[in-house]
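# Secondary and tertiary structure notes
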Number of protein chains: 2
Amino acid sequence: MRKSIATVSLSGTLAEKLTAIAGAGFDGVEIFENDLLASPLSPEEVRARAADLGLSIDLYQPFRDFEAVPADVLDRNLRRAEHKFDVMERLGSTRLLVCSSVSPDAVDDDALAAEQLRLLAERAAEHGIRIAYEALAWGRHVNEYLHAWRIARMADHPSLGVCLDSFHILSRGSDPGGIEAIPGEKIFFLQLADAPLLAMDVLQWSRHYRCFPGQGGFDLAGLVAHVLRAGYSGPLSLEVFNDVFRQADTARTAVDAMRSLIALEESVARRLPQAAALPVPPRPVVPTGFAFAELAVAGGDEVGALLRALGLARTGVHGGKPVELWEQGQARILLNAGEPAEDPSLAAIGLETPDPAGSVKRAQSLLSPTLPRRRAPHDAPLDSVAAPDGTALFFCRTAQPDHTSWTDDFTGASVEPAPGEITHIDHVALTQPWHHFDEASLFYRSVLGLRPQESLELADPYGLLRSRAMTNSDGTVRIALNVAYVGSHASHPDVSWQHVALASRDIIATARRLHALGGVLLPIPGNYYDDLEARHDLGPERHRMLRELGLLYDRDARGEFLHLYTVTVGRVFFEIVQRIGGYDGYGAQNAPIRLAAQHATADR
Amino acid sequence: MRKSIATVSLSGTLAEKLTAIAGAGFDGVEIFENDLLASPLSPEEVRARAADLGLSIDLYQPFRDFEAVPADVLDRNLRRAEHKFDVMERLGSTRLLVCSSVSPDAVDDDALAAEQLRLLAERAAEHGIRIAYEALAWGRHVNEYLHAWRIARMADHPSLGVCLDSFHILSRGSDPGGIEAIPGEKIFFLQLADAPLLAMDVLQWSRHYRCFPGQGGFDLAGLVAHVLRAGYSGPLSLEVFNDVFRQADTARTAVDAMRSLIALEESVARRLPQAAALPVPPRPVVPTGFAFAELAVAGGDEVGALLRALGLARTGVHGGKPVELWEQGQARILLNAGEPAEDPSLAAIGLETPDPAGSVKRAQSLLSPTLPRRRAPHDAPLDSVAAPDGTALFFCRTAQPDHTSWTDDFTGASVEPAPGEITHIDHVALTQPWHHFDEASLFYRSVLGLRPQESLELADPYGLLRSRAMTNSDGTVRIALNVAYVGSHASHPDVSWQHVALASRDIIATARRLHALGGVLLPIPGNYYDDLEARHDLGPERHRMLRELGLLYDRDARGEFLHLYTVTVGRVFFEIVQRIGGYDGYGAQNAPIRLAAQHATADR
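Residues numbered from 1 in each chain as written. Chains lettered and ligands numbered in written order. Predicted model: local features only at pLDDT ≥ 70, side-chain atom pairs only at ≥ 80, totals over all residues. Heavy atoms only, no water.

## What to know about the overall build of chain A
- A count of helical and extended segments in chain A gives 17 helices and 24 strands.
- Dimensions of chain A, computed from the C-alpha atoms along their principal axes, are close to 85 × 60 × 45 Å.
- The buried share of chain A, reckoned over its 604 residues, is 61%.
- By sequence separation, contacts in chain A at least 24 residues apart represent 73% of the contacts at least 6 residues apart.
- Surface accessibility of chain A: about 21900 Å² in total, with carbon and sulfur atoms responsible for 51%.
- Once the 57 positive and 78 negative side-chain charges of chain A are each reduced to a mean point, those two points are 2 Å apart. (Helix = DSSP H or I, 4+ residues; strand = E, 2+ residues; numbered from the N terminus. Buried < 20%, exposed > 50% of the residue type's maximum accessible area, 1.4 Å probe, protein only. Contact = heavy atoms within 4.5 Å. Areas by Shrake-Rupley, 256 points an atom, 1.4 Å probe, with all protein chains shown as cover. Lys, Arg positive; Asp, Glu negative; His and termini not counted. Charge placed at Lys NZ, Arg CZ, Asp CG, Glu CD.)

What follows is the structure in C-alpha cells.
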C-alpha cells in the first residue's frame, strides 16, 4: 500500500521534514497547515520540492469548524474555504481534511451539517478537490466515525467522503468493525496513530502522547483489516502528535515511522488472507540466546579484574584485533581495547539465531542500518546491524556444525573455562537516549520479534527512569531498555549506565567469593534489610545471610529472585542473578536502592 | 505555624535533602520511607543529623495496605508494623502515616477496618507512636476523608487520628468544609500539595504533577482555613510528587517550597480573623510600570543600532560605569557593556513601584536573594532582588519628587528624547530554564503580587514551548515567562531568546520606517498572510498593508493587536506592539510563525 505521513509528526522546518520523509521511503505526505504557514516556501515551491523528492501531497489539513452553523457564519466559513482551495491548487493537492466542529457556533443538526457539507463539496468540486470529513473524538456534536459517515451519506455528493483516524476511533473505545459498513470508495483517507493506554482527557492524550503503530496499546492491524475489507485502497498515513518526536532528530524519526508502517502492513497481511498481495518482509528470526556481550574498554584492566573476580577466565585472544574472550559456562564477554571509548561501555551484543543471514535480511527490510564488518582476512563472517542507540547487534551461531563460529577467531579458545557457578547471560540492560525510547521498543519488537513487557517507573535520587524489558518467549533473551531522565538534572551529572547480568546457579557461593575479595560488590544499606525483614518472613538465618552478603531479594507469584551488583567501571557494571522457580522480573523494586548506591559510589 | 516537608518532594540523597530542608528554614521533615531505605545512614544517624540541623522528624510515611483484611493477612501486617515501629523508635519519630488500603485483600467493612486500626493503634501506643490514617483518593474502599474519619472515630483510640492531604481531598472534588466537623486534636497531620487542574487518572496526576501551593489550581488557603477552624495546631507539611522537582536543584526547590508556605500562611491569615496571630510578611507592593530594561551587551553596537532604528535616542551615559540610557517616550533601555556576557542578553528589569524599600522587604520576607548593589559612590540607591532565572529586578521611582531617581546617574539625561511613536515598554518575555517554571510563576505572583494568566502551548519547529504571562491588574506590567524545551532537541542547538516589547502609538508608521531601513525586521512568510486573509476579512487595503510591512495581526473579544519583530542579536530581540481596544493577549497564535522565522535566521 502507498505510505504517507503528516508533516506534524516530525520536528523541523517544512523543507527539512519533506527531505526526511522522502529519505525514509514514503510515497506521500499530508501537509499540516501550520507547517506551511511558518515556511518561507510558497505553495508552488513546496509543490515543486515535493515533486522533486518523489512525494505526492496526499492531503491538506486541517480545516476546522465548518458545518452546522447559522447562515452568516456559513458565509464566512465558505469564504475561508475558498482561500484554502486556492492554496491547495497552488500546492497541487486535491484532498482536504475537514474535522467535525468544536465551535460553540455549531448546532446539533445532522441535516443542516449534511446540507452545508454538500455545499462545501460542490464548491470543492469546482476546484477538483475532495472533502474528507472526520469525526474528532472531542467534536462538539459529531465525535463518532459512524456519525460522520451518516452525515456524509446524507449529504450524498461524490466529492464528499470520510476520513478515518485510528486515534479518534480507538481512543473512544468505538468498535472499528462498523467500518466495514462504509463503502470503500467513500473512505477518502485513513490516518493512523497508536497511543499508550492512558486514562486522561482525550484531547490532551491526542495532542501529546500519540505514537507510531506498534509503540502503543491500540490494535491497529485489526482496524486496518476492517478498512481494507471495506474496500479502501488509499494510502496508510501516519498522523502523530508527540512531544518527544517534536524534539527528536527529523530523519531518524521518519525512519522509525516508516518501520512502523512496514511492520503494520505485515501484521495486516498475515491476518487477512485477501491481503496476501501485500508485500511483506521476511519473517523475524527470533534470537534464542546470548552469544556474547562486547565491552569497549578504554585501556586499563579494571573490567578484566572484575570478570576474574566473578569467576570468568580469559580463554582466548583474537587473531587480528586487541580483543579478549572471557568465559564461564555459556557466559561469554569480549573485551575490546581496539575501539575508541572514553569509558568502558557496552558496544555490542551477540545474539544466537537459527539463521544469521535471515536475521540480517529481516533487519534490513525494516530499515535497520547494517554495520561495516571491520573484518580481518581470517575473521568468521559476522552479520550485524545497529540498534537505535548505536549498540551493534551480531547474529551468531556459536559452535554449531552448520555455520562458521565467531569463536574460531579466538586462539586459545580450545582451553575449557574453569567450572563455576556462572552459567550464561541472563539479560543486558541498555540506557537509551530519551528521544529513542519508543523507537527502541519498536525496533526490538519488529526487527527481532521480541515481546515488550510492562513499562515500569524506577525512582532514581535525581529523577525518574522508565524501564521496559523486551524478551523472547522462553526468556533466554532479555534486553532491558532504560530511558535516561527527560532532560538533565539541574546540578547533577548525567549517567547512562549499562550492564550485563550473569546468571549464577548458586548465587550464595558467588556472593561469598565476591564478598571475601572485598571492593567488588556495590554496598547495600542496612535499612534495605530492615525493610526486607518487615516485608518478608524468610527466617532469621536467610535474612542474616542476605544482609551479610549484600544480596538483594524479590519475589513474584511464580518464584524468587536473588541478585547482586558489582561496582561500576566507566558506564558499565555487572549483575549476578539467580531465578528460583518461574520468577520473570528484574527486581525492579530494588532498583532505587541500587541507583542510590551507584550515585553514592560514583559521586565519591 | 510550624512548617514541614516530605523528603520525597526534593531530589537528591536523604542527607542532601535534610541539609536543603534545614537551609530553607523548615522546622520539621516527613521521612519518606524509600529515602531512608536507599540511604547509607542508619536511622540513628538520620535522627542525629536531623537534630544537628534543628529539624524534628514529624512523620514517617507511608505504611500501606493494612486494614480490613482476613486474620492471616492481619497477622502479617501487624508483624510488618512492628518492624516499622522499631525503625521509628531508632529514628525518634512518633507519628506514622497509614494510607487507606489499595490491596485486593481488603474488604469493604468499616467495622472490621476500625477494629484492626484500633489494634494497630494499641500496638503503636506501646511504642509511644500515633497513627495518622489517610484516605487515598484511589483507596480501594476508603477514598474520602470523611470516610477515613468515620472509621477512626469508630475505632476510638487516643493513638488513632486522621491525616488530611489537600490533594486527596481536592482532586476528588470533595467539599473541604466537612473538615470542621472533625475535632482538631483528632487531625494528627496535614499534608499540602497543589496541582494544575488536569483531567486525568488521579493516581498518575498525584504521582507526577503535584506542585507547591500557589503553583496549581487548588484553593489551599480555603482548605487550611477549615483545618484551623477545626482546631488543628500541628505543622503545615508539604508532600509533593513532581517529575520536575525530582530533577531540580535540591536547595533551590527547598526555598521554593518554603516560599509557597509563607505565601499560603499569609493568605490564610488575611482571610481568617481568628488566625490574626499568624506571622505575615509585609504586603506586596505591586509594581505600576516598567522603569527600564537593561541589556548586557557583549561589545559591538548591534543592539544600539537596532534601538536607533526603532527610534530610541541615546539620552544619557552613566557617570561611573559603561552604561548607556536610550529613550523614547517612557520606554527606557539600558545598554550595559560593563557586565561579562557572551551574547547580548536581558540582564535586569526596572519596575516602577510606589515604595522601593517596601518592595525589597516583601521580596526578602519571601526568601528572594537580594543583590549586591554594585554602586559607585554617586549612584542613586537601587533596590534590587534576583528573580529565579537570575534576572535582576530593580525597584524604582523614576523622576518622582519623593525619591532619588536612578536617571540622575546618567549625564545628558536632561536632553529630551526625540518625539516618536514609541510610548513605553509593553512587556518583557523571559525564557526560563525548564526546572524553574513553576518556581518563577510563584515568585512573580507572591513577591510582586502579579497575577498569572492562562498557560499556553506554543509550537516551535523543534519542540513545544509553554508560555504564561504574569501581569498587574491594569496591564501596565506584563512579564511573559516562556519555558524552554523539556530536555534539548536531539540535533538542534538550544536557544533561549528573551525580548522586550515596546508599545507604539502608530505601529504602521513605525513599521514603514523599519521596513524602509531594511535588514531590521524579522521576515514573515507570505503564507501567513494568505491564511490571515482566509481567517479575517480586514478589507483588501489593510491586508495589503500588513503583508507589505511584515506586520502580524491578532484579535480577541475586546480588540485588535498589531505587532512586529526585529531580527535577533545574541539572545535578544525587540517586538513593537500596538493594542487597539482592550486586546489583552500577546499574539500567541502568531508565535509559531515568529519562532520558525527566528530559527531560519539563526540557522543561517
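## Let's talk about helix α14 (residues 507–517) of chain B
All names here are of chain B.
- Turning to α14, its buried residues are Ile507, Ile508, Thr510, Ala511 and Leu514. Seen end-on, α14 carries its buried residues on one side only, within an arc spanning 160°.
- Looking at the buried residues of α14, the elements they touch are α11 (302–310), β17 (422–432), β21 (498–504), α16 (540–549), β23 (559–565) and β24 (572–581).
- Gly518 occupies a position one or two residues after α14 and carries a positive phi of about 80°. (Arc of directions from axis to C-beta.)

## Here we look at the interface of chain B and chain A
- Taken together, the contacts link 56 residues of chain B with 56 residues of chain A.
- Together, the buried faces of chain B and chain A total about 4300 Å²; carbon and sulfur atoms form 51% of this surface.
- Looking only at chain B, the three residues that lose the most surface to chain A are Leu37, Gln247 and Asn527 of chain B, adding up to 15% of its buried area.
- On inspection of chain B and its partner chain A, the count reaches six salt bridges.
- With a shortest N-O distance of 3.8 Å, Arg79 of chain A and Asp537 of chain B are connected by a salt bridge.
- Scanning the region where chain B abuts chain A turns up 25 residue pairs in polar contact (both at pLDDT 80 or more). (Buried area = accessible area lost by both parts, 1.4 Å probe. Salt bridge = Lys/Arg side-chain N within 4 Å of Asp/Glu carboxyl O. Polar contact = N/O pair within 3.5 Å; in protein donor to acceptor, adjacent residues only side chain to side chain.)

## Details of the environment of Ile508 of chain B
- Residue placement: Ile508 of chain B occurs in helix α14.
- Along the chain, Ile508 of chain B and Arg246 of chain B lie 262 residues apart, while their C-alpha atoms are 48 Å from each other.

## Things to note about the domain arrangement of chain A
Residues and elements named next belong to chain A.
- By domain assignment, chain A separates into domain 1 (3–275) and domain 2 (289–602).
- Taken together, the contact pairs 20 residues of domain 1 with 17 residues of domain 2.
- With both chains or domains summed, domain 1 and domain 2 bury close to 1500 Å², and 55% of this area falls on carbon and sulfur atoms.
- Together, Gln215, Arg252 and Arg259 form the three largest contributors to the area buried by domain 1 at its contact with domain 2, with a combined 42%.
- Inspection of the region where domain 1 meets domain 2 yields two salt bridges.
- Our count for the domain 1 to domain 2 interface comes out at seven residue pairs in polar contact (both at pLDDT 80 or more).
- Taken together, the residues that form the side of domain 1 that touches domain 2 break down as ten nonpolar, six polar and four charged. (Domains from an automatic or database assignment. Nonpolar A, V, L, I, M, F, W, Y, C, P; charged D, E, K, R; others polar.)

## Overview of the relation of the copies chain B and chain A
- Rotating chain B by 180° and moving it 0.0 Å along the rotation axis overlays it on chain A with an RMSD of 0.0 Å. Within this description, the copies of the chain are treated as partners about a two-fold rotation axis.
- Of the interface residues in chain B, 100% have counterparts in chain A that sit at the interface too, so the contact is made through matching surfaces. (Least-squares fit on C-alpha atoms with pLDDT ≥ 70 in both.)

## Considering the pattern of salt bridges
- Throughout the structure, instances matching the rule amount to 66 salt bridges over all chains.
- Of the charged contacts in the structure, one is a salt bridge between Glu144 of chain A and Arg172 of chain A, with a shortest N-O distance of 3.3 Å. Of this pair, Glu144 of chain A sits in the loop between β5 (130–134) and α6 (145–155) while Arg172 of chain A sits in the loop between α7 (166–170) and β7 (187–192), and the two are 28 residues apart along the sequence.
- Assessed through its relative accessible area of 28%, Glu144 of chain A is described here as partly exposed.
- For Arg172 of chain A, a relative accessible area of 35% puts it in the partly exposed group.
- Residues participating in the shared-partner salt-bridge network are Glu44 and Arg90 of chain A together with Asp530, Glu533 and Arg547 of chain B.

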